[in-house]
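# Coordinate analysis (summary)
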Amino acid sequence: MSAISSNGKPSLKAKDYATDQDVRWCPGCGDYSILKQVQTVMAQLGLNKDEVAVISGIGCSSRFPYYMETYGMHSIHGRAPAVVSGLKVANPDLSIWMVTGDGDGLSIGGNHLLHILRRNFDVNILLFNNQIYGLTKGQYSPTSEQQKRTKSTPMGSLDYPVNPLAFALGANSTFVARSMDRDPKHLQEMLKRSHAHKGTAFLEIYQNCNIFNDGAFFPFTDKATKKVNGIFLEHGQPMLFGGENEYGIKLDGFKPVVVHMENDGYSADDLWVHDEGDIFKAQILTRFFDDPNNKDGQFYPRPFGILYQTERPCYEDLLVAQVQEAKDRKGDGDLDKLLTGNSTWEIA
Amino acid sequence: MSAISSNGKPSLKAKDYATDQDVRWCPGCGDYSILKQVQTVMAQLGLNKDEVAVISGIGCSSRFPYYMETYGMHSIHGRAPAVVSGLKVANPDLSIWMVTGDGDGLSIGGNHLLHILRRNFDVNILLFNNQIYGLTKGQYSPTSEQQKRTKSTPMGSLDYPVNPLAFALGANSTFVARSMDRDPKHLQEMLKRSHAHKGTAFLEIYQNCNIFNDGAFFPFTDKATKKVNGIFLEHGQPMLFGGENEYGIKLDGFKPVVVHMENDGYSADDLWVHDEGDIFKAQILTRFFDDPNNKDGQFYPRPFGILYQTERPCYEDLLVAQVQEAKDRKGDGDLDKLLTGNSTWEIA
Amino acid sequence: MSTTAKTVKEAVTIKFAGDSGDGMQLTGTLFTDNTALAGSDLATFPDYPAEIRAPAGTLAGVSGFQLHFGSTKIFTPGDHFDVLVAMNAAALKSNLGQIKEGGTIIANSDGFDKRNLRLAKYEDKANPIEDGTLEGYQVFEMSVTKLTRECLKESPLGVKDRDRCKNMFVLGFLLWRYSRDMESVINYLTAKFGKKPDVLEANIKVLKAGYHYGETTETFTTTYEVKAAALEKGTYRSIMGNQALCYGLITAANKSGLDLFYGSYPITPASDILHTFAAQKHFSVKTFQAEDEIAAMCSTLGAAYGGDLAVTGTSGPGLALKGEALGLAMILELPMVVINVQRGGPSTGLPTKTEQADLLMAMYGRNGESPLPVIAPRSPSDAFEVGYEAARIALQHMIPVVILSDGYIANGAEPWKIPKAEDIPEIEVSFAKARETDDPFLPYDRDENLVRPWAIPGTPTLAHRIGGLEKEDKTGNVSYDPANHEYMVKTRAARVEKIADFIPEQSIEMGPESGDVLVLGWGSTFGVIQSIVNELLAEGKSVSHAHVRYLNPFPRNLEEVLRKFDRIVVPEINNGQLSKIIRDHFLIDVIQYNKIQGIPITHAELKSFVEGVI
Amino acid sequence: MSTTAKTVKEAVTIKFAGDSGDGMQLTGTLFTDNTALAGSDLATFPDYPAEIRAPAGTLAGVSGFQLHFGSTKIFTPGDHFDVLVAMNAAALKSNLGQIKEGGTIIANSDGFDKRNLRLAKYEDKANPIEDGTLEGYQVFEMSVTKLTRECLKESPLGVKDRDRCKNMFVLGFLLWRYSRDMESVINYLTAKFGKKPDVLEANIKVLKAGYHYGETTETFTTTYEVKAAALEKGTYRSIMGNQALCYGLITAANKSGLDLFYGSYPITPASDILHTFAAQKHFSVKTFQAEDEIAAMCSTLGAAYGGDLAVTGTSGPGLALKGEALGLAMILELPMVVINVQRGGPSTGLPTKTEQADLLMAMYGRNGESPLPVIAPRSPSDAFEVGYEAARIALQHMIPVVILSDGYIANGAEPWKIPKAEDIPEIEVSFAKARETDDPFLPYDRDENLVRPWAIPGTPTLAHRIGGLEKEDKTGNVSYDPANHEYMVKTRAARVEKIADFIPEQSIEMGPESGDVLVLGWGSTFGVIQSIVNELLAEGKSVSHAHVRYLNPFPRNLEEVLRKFDRIVVPEINNGQLSKIIRDHFLIDVIQYNKIQGIPITHAELKSFVEGVI
Ligand SMILES: Cc1ncc(C[n+]2csc(CCOP(=O)(O)OP(=O)(O)O)c2C)c(N)n1
Ligand SMILES: Cc1ncc(C[n+]2csc(CCOP(=O)(O)OP(=O)(O)O)c2C)c(N)n1
Ligand code: SF4
Ligand code: SF4
Ligand SMILES: [Mg+2]
Ligand SMILES: [Mg+2]
């Protein structure tokens, strides 16, 4: 990706990545912030608009490509991962950003998500999780909490929710992270890390749907409460949180325990040190709010940042190598040879 | 389920669960053994044939219902979980056994599997994993090892495989177990445990496809090697394996370590004690053969048995309760009231 | 008492248009209810913006509600408006084209400030109210926002809440203008805001303010009255298409003594069916929001196997996804109902617009020879009968039945003469019973109507297996026998044909039994065809109207009916799909009238087309 | 030198039948190659058991290979056999019905022991060879197994491996019987077993034993000869349908300078297409085994967007699943090829059997107005041209093209005159180029053929967005404008119609240009129609044959061609699908001949039907 845009002009600004189309999200929708951060980050990274493709499914979130002055496709519901797979095979040099929602990606599209994650195509997946179906006007989604009352569940939803990051780990994802619409700095950071990751980067973004599920993530975005409700993970750093890092998390065996540093008399050395490379500890992080063993409803902060990351070859690279290997072995395909085959006869 | 069959005859024998249809699997196929164990277990449990439904998708494995003298449906590829969901809602008292394959369940059917697991319908899912597409004559499957040469991958497969049990845990499954066709006793035990579990029981069964993938599980079934290559988990028991339990597994923090009890001078008390209720240790078990951190290729035995189990309300029970609640609140539906609604007018 | 003159009108069309936030849908609905109480016949049509909440004040954000009412029979929501209520500039701009010459415009002048004009894309913010754009129309400007604030200045409510009341001002004014009383509205408000006295009081206050504004302001010299229509005696209500469909199906479940299972995945414009069913659990209605349409279809056939009246619903893209599973349902010969509320296609197309372009997919969109019955409602209230009919056919013939509704019917509303539950016939359903004998149960042993038994899992002695592979006659065992396959394919086709013995013959809705021109329609074009044929007949033209509810199989006498006319006009909101089927079946050529604009066919355009054909 | 008499025959049909394990497919193929070398024309048809490996000796386990060869033109694999090779009782039983009167049966008596008779369900194990069942046939018993073991008693191979050679005995015998030499077979064996000298030697030994068994055994008094057919000069090979399709597409990719992407999910009978492509990576062929058909379709349109010659392939149930995504591909106006190898339906149906019942689904199986070009090969070798043709149309018109093959073509083989690569025309493809100007790129700005530019991501200055919502003409921006929608729907239909200007006119394959009866076919019925029309013409009947390759759009002159005949017979392996389309398009009635048995139409049955119509 060159830092110079195609038409030879110098590097671009965020607004250069915006199209002339009116943005059609509800005023106040969290999608606006995400759009802005993506455009900002692309400018910072100096991505060439012509070498970027934004691919989405269907949903409010999936309107995203229309607002990005890059190549893009607003495909069909849940199928973006499959479209991306074919596009990446045809065109491995593209920087592909896939945008999906909690319904698009985890309801109808769950299978394709599973398979793109394990195949590890080099793309960035942004899953806008607003815990609701926005575009269809407010039915519960696979990430909605149980008992949620929506248009389709007036007496409360019955389905136990999908845990997107636990699902991604179970699907052998090589990059699992979480951020939110209301924290531009952190979101930008995560977008950059996703881009830097070679492989499928799975980034869940908490996004407020102020029309059908307003305040779903209030505890993590509200000035007053966010500091104690969220913990921002940093590789190699002890797990501290709270306004002045007054809280910490230590591990008793496999059990995470929240401690008050001062009152309980702990020092940073006693704490769990975050390791992006540890898949088993990552599993614990994904279940801070969803641990079947946490019967007594122990409180844990919501983890933001990169829960897990590892390296694994990308599908498209392996395929390219295989095609090359075939050519090295057999030489470039010779049509006459192919059509003739091994056993022929003459009619004279 | 009464131990007396509908027509008042005394309990049934295994063969009473067999139909008059010729079994059409290849001679030597592992499916035969599984069929036999299922029939045997149903007889032992005294299941009433008329209250059992066996539902499958498409594949060699999915031919299963034709051979069971119970209710059954050979549905379409990958969709059995959805058929089961509707059937269970309509008919909650049925004992439903779902049969699927590694392609049926994890390739085309992965999404439905994810959703039935989280919804936790009370059904038993048997996934016959032969790491190949049998019925279509030998293409690699989502569980095939990378680099596998098959008809569709003459130069070796590129996809990093799905780890069925890790996937199930990521999907919030309430019961995750593994067994194999060649160990009738253990398989019967696991089938009984699956039946006993209230909720969706996910049982992966290693199954030999002697035509297209013969010997895939040889190390775990061969007399000479199975003892050291497999470990049979028992709740509350230390993790011992090997012919005379000469090996054990202990945990250094999150790292499982295989030790030789005698040579390394360990006693059972030093070992990891299996706890079916511990989801985080279960995660480690699912990755004994698939741990991204196990760079140095440390050997671990393959776990068989129940890796994880927990209790959670079943979807159909919650639904039944909700319907009842609605009736309690509003009384049984009154058509005239419904049709009339709240605002009417008279034309005289 | 007012000094204004009162004019009696036969029919009036009013369009309420404003910003999504202006509450025009509610205003329209309340005025409609009031109109119905006054005994008029009527038809309505809401048009929502495609976006959830397009930016306030923009053209994309305009929300509209159209009402056509009169003392004569009303067939459609009307092509053009006598009155346009425009709450802001965008509302005016996007509706101006449809106002009748000399029509009335009631404009909220507060919605025409610089900002609104810019958002409505009025060049250099010229105000159409002032710059002569509206010449030839009768324009009433009211400063609705200001007047509302004014009359609420003592209210304890905040500004936002106060402004929310402004639609009541307009409503009050219109009630006065059409010589109505405010009772029905006040009742509604009281029921809704009983617990919020401040809000209730404010709304009523503004409502009355609007009413009296009419009475007292000298500017308005005339009021109007539309007398009651000669409607059939009885108790009426207003009903929407999706709602009627649900009620028809719940009635069928109730009349057949079955639980109703509804497995669906949300999709516009079918989602409200899920919402409606979900609120009726006390009728033993079980709703299942599936992970996708394929799961919806499969859970539905699973529930059908389990003995429920199983129903699934979707729109075009969803039906495309259901194709494979629907083929399984067909070969399993299980009873279920598949609703497709058509929308603009192809692909994602125009989700919020109406179309009739899924007929061929419903007929042929499955692999192999896979015929299914297809029926279509013709209006919102007709959807009640069609829902019931579909269930009846499904249950009595052990077959999946496809209902083709569309966005226009789904969201449209019309008065409905409420039937008495006791007058609706029971639907006979008998599950196969446990047997004494020990010889094998034959799941595909058919009765004289080629219907196989419905044997529910759990029934003693009936254990059997079914599946998607070709099955042997009677036993249902897998069979590769060539002759058996042909027999089963022909039998499955014959099963569908057989249904023709159990449906009414095709009737002529209006006009002579034979003559020059027959206008042949299906689905939501019913209203507009009725209205033009009605007029043409009044003008002494030889034209008739037949409307096909049963699209597969056709009524036995359909060909006969068609052959009695010289020319057959088939108006469709597609590129000619029923036309294809008619030509194929009867080798009768038809004259197509196709409109593919995501909107209903208008009275004017269809009338002039048919006039051209006569 | 042998003393046996030699009879010359014009044409012979041989059926090789045995247990799946008996290697009949190989035996048949090797005899076929040898036959081809001898210059005969020929057609073959394998029929595999539905199960992977049904139990040995059972009826379900019988595997067959049918060969029809002659010195005249051969159109089909033949209805009935002159010779049946039956390796066991089951093989005899399941083929007995198709042997010609007085036909020859070569039976391996070792395959008729008690066990085999029981498995073949011969009542109380009566041996048909002895109980007179075979009266009227010429039966040759040979103890193939014993003879094979006998001649290998010195071989170092194990019993199992020795017995594997027994098919060579039969092959050798037949080569002698039809006056052939063994060279081609020996070459094959040498190439295959070169590294396993023991196996090689054993096979050759047994082959020769069989050959000499014929020469020396007195029982066999006659040998036969079939002279070379008058085939067009050239180099020939034998080719199967799936293989030919792949080669046609690889040729198109090569001639258009594009990489070929094949995204597919395995399904019978299409899987071999994936297998064939996967082995040709050195032609820049990239295969992607997707998780399901929807992913296969979507990855294919993704690759098309990315600039590859994108292809996907499946069978009926898979095409049903692809419907929604194919609709997206259609509205995106991207070039790709969608192969549907039809099999017996509906639902899972008869996976290993052939049928033509997906035509209507290919035409109409998508939501909304969503027309696509559809073309069909008529024989295994014709699939080469059709593959190339589909790619040409897709690339030159920026449109997804559907190919309808079937199981009969897919697995059938026939001689093919190998074309020279240099004689095959290039396919012009030009991606949109980077522009100097700054004004917006117009992705839906069409040329005179209504074709939009193919702008590949990565190309400077062409960044643009596409999607499934209705799009504005030229800009491709989302548009809800009513008139635009109608314009785009009509334009997409016109795009398909336009293709008719770029395909050959409909020709008459055989018979006069006008007359009493035209037999109109499509797809795999070509051979049988040719053969009966050929005979009927020889008998002086007025009958012709036209075969439709381009099913949508039809060739411009098709109607004209049809109107020149009094009666039109349409034979189809379905319930009458092309018939529907013909009636709809031309209001011309047709006489349907429908066979829906999962097997090809036979010469005899079609001939007598057409005779009845003349
Ligand atoms: C095949 C198909 N099924 C259903 C729909 C209707 N639909 C559109 S978006 C959507 C879900 C949107 O939820 P989510 O993915 O969370 O996106 P959000 O709108 O919340 O951003 C649904 C059900 C569709 N467009 N296509
Ligand atoms: C929609 C659809 N796609 C593809 C197929 C073809 N097909 C049948 S079974 C199968 C996979 C079988 O693999 P698995 O599920 O592992 O079962 P196994 O045969 O190995 O027991 C496939 C691809 C089908 N029947 N239907
Ligand atoms: S509905 Fe919710 S998610 Fe959709 S645009 Fe509006 S606020 Fe955003
Ligand atoms: S192909 Fe494999 S899995 Fe299928 S029946 Fe044969 S041995 Fe079993
Ligand atoms: Mg959402
Ligand atoms: Mg398998």
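Just above, that's the structure.
Residue indices follow the written sequence of each chain, beginning from 1 at its first position. Here every chain gets a letter starting at A, and every ligand a number starting at 1, in the order they are written. Predicted model: local features are reported for residues with pLDDT of at least 70 only, side-chain atom pairs are reported and counted for 80 or more only, and whole-chain, interface and lining totals are derived from all residues. Heavy atoms from the whole structure form the basis of all side-chain values; hydrogens and water molecules are not counted.

### Side note on the overall build of chain C
For clarity, the threshold we go by: Helix and strand definitions here come from DSSP, where helices need a minimum of 4 consecutive H or I residues and strands a minimum of 2 consecutive E residues; each element is numbered from the N-terminal end. Radius of gyration: C-alpha atoms only; globule rule: 2.2 Å multiplied by the number of residues to the exponent 0.38. Per-residue accessibility, obtained with a 1.4 Å probe over protein chains only, is compared with the maximum for each type, and a residue is labelled buried under 20%, exposed over 50%, and partly exposed between these values. Should any heavy atoms of two residues lie within 4.5 Å, those residues are considered in contact.
Of the regular secondary structure elements, chain C holds 20 helices and 23 strands. Since a compact globule built from 614 residues should have a radius of gyration of about 25 Å, the 27 Å found for chain C is in line with a globular shape. Taking the principal axes of the C-alpha coordinates as reference, chain C spans close to 90 × 60 × 50 Å. For chain C, buried positions account for 68% of its 614 residues. Contacts in chain C between residues far apart in sequence, at least 24 positions, make up 76% of those at least 6 positions apart.

### A look at the packing of helix α4 (residues 144-151) of chain C against helix α8 (residues 197-216) of chain C
Residues and elements named next belong to chain C. Inclusion rule: Only the contacting stretch of a helix is used when fitting its axis, a line to C-alpha atoms as for every element, and angles between N-to-C directions run 0 to 180 degrees. When describing relative orientation, an angle under 35 degrees is termed roughly parallel and one over 145 degrees roughly antiparallel, while 65 to 115 degrees is termed roughly perpendicular and anything else oblique. The crossing is said to be left-handed when, going from far helix to near helix, the turn is anticlockwise and less than a right angle, and right-handed when the turn is clockwise.
Two numbers describe how α4 lies on α8: the axes approach to 10 Å, and their chain directions differ by 120°. Relative to α8, α4 is oriented oblique. Every pair of crossing elements has a handedness; the one defined by α4 and α8 is right-handed. The residues of α8 that touch α4, namely those facing Leu 147, Thr 148 and Cys 151, are Lys 205, Val 206, Ala 209 and Tyr 213.

### Brief notes about the coordination of the magnesium ion (ligand 5)
This is how the line gets drawn: Donor criterion used throughout: N, O or S atom within 2.8 Å of the metal, extended to 3.2 Å for Na, K and Ca. Water excluded; incomplete-looking sites may result.
Taken together, the protein ligands of the magnesium ion (ligand 5) are Asp102(A) (OD), Asn130(A) (OD1) and Ile132(A) (O), with distances of 2.1 to 2.2 Å. Written as a sequence motif, the donor residues of the magnesium ion (ligand 5) are D-x27-N-x1-I.

### Side note on the coordination of the magnesium ion (ligand 6)
Residue and element names in this part refer to chain B. Protein-derived coordination of the magnesium ion (ligand 6) comes from Asp 102 (OD), Asn 130 (OD1) and Ile 132 (O), at a distance range of 2.1 to 2.2 Å. If you list the donors of the magnesium ion (ligand 6) from N- to C-terminus, the spacing comes out as D-x27-N-x1-I. With Asp 102 in helix α3 (residues 102-106) and Ile 132 in the loop between β4 (124-129) and α5 (164-170), this residue pair connects regions lying 30 residues apart in the sequence. The class for Ile 132 is buried, based on a relative accessible area of 2%.

### Thoughts on the sheet that holds strand β23 (residues 591-594) of chain D
All names here are of chain D. To be explicit about the condition: Two strands make a pair as long as DSSP finds a minimum of two bridges between them.
An order of β18-β20-β19-β22-β23 is seen for the 5 strands of this open sheet, with the pairing classed as mixed. Strand pairing shows two members of the sheet lacking a second neighbour, β18 (508-510) and β23, which therefore form its edges. Direction aside, neighbouring strands of the sheet carry axes that sit 30° apart on average. Bridge analysis of strand β19 (residues 515-521) against strand β22 (residues 565-572) gives 4 bridges, and the strand direction is parallel. Among the inter-strand pairings, Val 519 is bridged to a residue of β22, identified as Val 569.

### Structural notes on helix α6 (residues 166-177) of chain C
All names here are of chain C. The line we're drawing: To estimate how far a helix should reach, multiply one less than its number of residues by 1.5 Å.
A rise of 1.5 Å per residue sets the reference length of α6, with its 12 residues, at 16 Å; its end C-alpha atoms lie 17 Å apart and thus fit the reference within 8%. Counting buried residues along α6, 12 of its 12 residues qualify, which places the element largely inside the surrounding structure. Taken residue by residue, α6 has Lys 166, Asn 167, Met 168, Phe 169, Val 170, Leu 171, Gly 172, Phe 173, Leu 174, Leu 175, Trp 176 and Arg 177 as its buried positions. Just beyond α6, the residue with positive phi is Ser 179, at close to 55°.

### Examining the interface of chain A and chain D
A common measure of how large an interface is: the accessible area buried when the components associate. The test is simple: Take the accessible area each of two parts loses on contact, using a 1.4 Å probe, and add the two losses: that sum is the buried area. The rule for a salt bridge is simple: a side-chain nitrogen of Lys or Arg has to be within 4 Å of a carboxyl oxygen of Asp or Glu. By the criterion applied in these results, polar contacts are pairs of N or O atoms within 3.5 Å in which, for protein atoms, one can donate a hydrogen and the other can accept it, and in which residues neighboring in sequence qualify only through two side-chain atoms. For this classification, Asp, Glu, Lys and Arg are treated as charged, while Ala, Val, Leu, Ile, Met, Phe, Trp, Tyr, Cys and Pro are nonpolar and the rest, including Gly, are polar.
Residue-level contacts link 58 residues of chain A with 73 residues of chain D. Carbon and sulfur atoms supply 63% of the area buried between chain A and chain D, which totals about 5300 Å² over both sides. The three residues of chain A that bury the most area against chain D are Tyr71(A), Leu339(A) and Trp345(A), which together make up 16% of that side's buried surface. Where chain A touches chain D, the interface holds 2 salt bridges. Linking chain A with chain D are 27 residue pairs in polar contact (both at pLDDT 80 or more). Looking at the side of chain A that touches chain D, the elements that each hand over two or more residues are β2 (71-74), α2 (80-90), α4 (110-119), α10 (315-330), α11 (335-340) and β12 (344-347) of chain A. Among the residues making up the side of chain A that touches chain D, the classes are represented as 23 nonpolar, 22 polar and 13 charged.

### Side note on the site of ligand 4
Heads up, the condition is: Put simply, a residue is near a molecule or strand once any heavy atom of it comes within 4 Å of that molecule or strand.
Around ligand 4, 11 residues are found, and the nearest of them are Cys26(B), Cys29(B), Cys60(B), Cys209(B) and Asn210(B). With respect to ligand 4, the chains having nearby residues are chains B and D. Tallied by class, the residues present in the shell around ligand 4 amount to 8 nonpolar, 3 polar and no charged.

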